[in-house]
Amino acid sequence: MSKIALITGATSGIGEACAHIFAQNGYNLILVARREERLEKISHHLEDKYAISIKQIIADVRDKSTVTESFEALPSDWKNVDVLVNNAGLSQGLEPIDKGNTDDWDTMIDTNVKGLLYVTKVVSNWMTPNKTGHIVNIGSIAGLEVYPNGNVYCASKHAVDALTKAMRIDLLQHEIKVTSINPGAVETEFSLVRFKGDEDRAKKVYENFEPLIANDIADAIWYVVSRPKHVNINDMLIMPTAQATGTIINRK
Ligand code: NDP
Ligand code: 8X3
């Protein structure tokens, strides 16, 4: 029986790259995101290319009942999830705290923190009776330091860091591994989403230095999940060579 990975936010960037690398390594996949057409296209491509099976779940991770109902509706053999990649997440805006948009704050906290919790609640309950499983949370350099105007996004990723540590403690008795992967600048749709479709502003974020690409992170995630059972990588901070901190970048 092939192993199963459940990946949230699989329609773009890091989540999509993870779907590829797990598929390439023979995993069956449960892919979660909101954009149905994209998810379908990616799923069909991977099923054809790697002869694996995929279940698609169109869900907004912020919606607790949708997450619970759509996940629990999976056939029981699909609930033997070996790896959960809690990747769905986003930033909205880059403003000082007094100028921030409170709807953006809700979106970031509801997605990055509460969505991750709703998904983890369901999937960890599938893992515990099996006494095996690996939860990989996508944090950020923004979860380890705070940068100007990053306020609420940084707070949400600091929460992910705290939850990763908490999960590792609470799930220890169930032999479930928990890892956080904390990337620096990765060129994905992240900045386009942060700046609400402003392509010029998004492009500038990655100008004049070589950022990471989604596959760099997927590669690290694959390394982490493919260690022997007795080895857990607690966390990993992965930066572009040209980036020293959240804001110090060696641009040419
Ligand atoms: P992308 O914008 O390219 O991908 C984000 C993914 O998350 C999309 O597939 C999107 O799918 C999904 N998503 C967003 N909101 C929801 C939601 N409410 N419900 C379900 N799925 C959702 O960005 P990245 O790949 O860069 O981001 C992935 C993760 O990596 C995020 O947690 C981000 O914070 C983190 N990260 C990114 C860094 C970077 O520099 N890019 C650096 C450090 C961390 P859809 O819209 O179809 O729902
Ligand atoms: C994304 C990286 O530094 O742009 O988490 O916030 S950063």
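Draft legend 1. Focus on the site of ligand 1. Neighbouring ligand 1 are 30 residues, the closest being Thr11, Ser12, Arg34, Tyr153 and Thr188. Residue Ile14 places a main-chain N or O atom 2.8 Å away from an oxygen atom belonging to ligand 1. Bound to the protein, ligand 1 loses 96% of the 880 Å² it would expose on its own. Put simply, the parts of the chain that give the shell around ligand 1 at least two residues each are helix 1 (13-24), helix 5 (151-170) and helix 6 (190-194). Broken down by class, the residue content of the shell around ligand 1 amounts to 13 nonpolar, 11 polar and six charged.

Draft legend 2. The arrangement of the site of ligand 2 in detail. Contacts to ligand 2 come from Ser140, Ile141, Ala142, Tyr147, Tyr153, Phe190 and Arg194. At 2.3 Å, a side-chain N or O of Tyr147 approaches an oxygen atom of ligand 2. In this structure, Tyr153 approaches ligand 2 through a side-chain N or O atom, which is 2.5 Å from an oxygen atom. Here the shell around ligand 2 is composed, by residue class, of five nonpolar, one polar and one charged.

Draft legend 3. Focus on the nonpolar core. Ile7, Phe22, Leu29, Ile181 and Ile221 are the most contacted members of the largest nonpolar core, which has 37 residues in total. Those elements giving two or more residues to this core turn out to be strand 1 (4-8), helix 1, strand 2 (28-33), helix 2 (36-50), strand 4 (83-86), strand 5 (134-138), helix 8 (214-225) and strand 9 (235-238). Ignoring sequence-local partners within four residues, the contact set of Leu29 consists of Ala5, Ile7, Ala19, Phe22, Ala23, Leu46, Ile52, Ser53, Ile54, Lys55 and Trp78. By size, the runner-up hydrophobic cluster in this structure holds 28 residues, among which are Ile4, Phe71, Leu116 and Val119.

Draft legend 4. Highlighting the pairing of strand 6 (residues 177-183). Burial of strand 6 is extensive: seven of the seven residues sit out of reach of the surface. What you see with strand 6 is no split at all: Lys177, Thr179, Ile181 and Pro183 on one side and Val178, Ser180 and Asn182 on the other are buried throughout. Inspection of the sheet shows strand 5 paired to strand 6 by five bridges, in the parallel sense. Looking across to strand 6, one finds that His134 is bridged to Lys177. Tracing the backbone out of strand 5, into helix 5 and back to the parallel element strand 6 gives a crossover that is right-handed. The pairing of strand 6 with strand 9 spans four bridges and is parallel. Bridge pairing in strand 9 links Pro183 to Ile238.

Parameters at a glance
- Residues numbered from 1 in each chain as written.
- Chains lettered and ligands numbered in written order.
- Predicted model: local features only at pLDDT ≥ 70, side-chain atom pairs only at ≥ 80, totals over all residues.
- Heavy atoms only, no water.
- Near = heavy atom within 4 Å.
- Polar contact = N/O pair within 3.5 Å; in protein donor to acceptor, adjacent residues only side chain to side chain.
- Areas by Shrake-Rupley, 256 points an atom, 1.4 Å probe, with all protein chains shown as cover.
- Helix = DSSP H or I, 4+ residues; strand = E, 2+ residues; numbered from the N terminus.
- Nonpolar A, V, L, I, M, F, W, Y, C, P; charged D, E, K, R; others polar.
- Core = buried A, V, L, I, M, F, W, Y, C linked by side-chain atoms within 4.5 Å.
- Buried < 20%, exposed > 50% of the residue type's maximum accessible area, 1.4 Å probe, protein only.
- Contact = heavy atoms within 4.5 Å.
- Pairing = 2+ DSSP bridges.
- Right-handed = clockwise from strand over helix to strand, strands pointing away.

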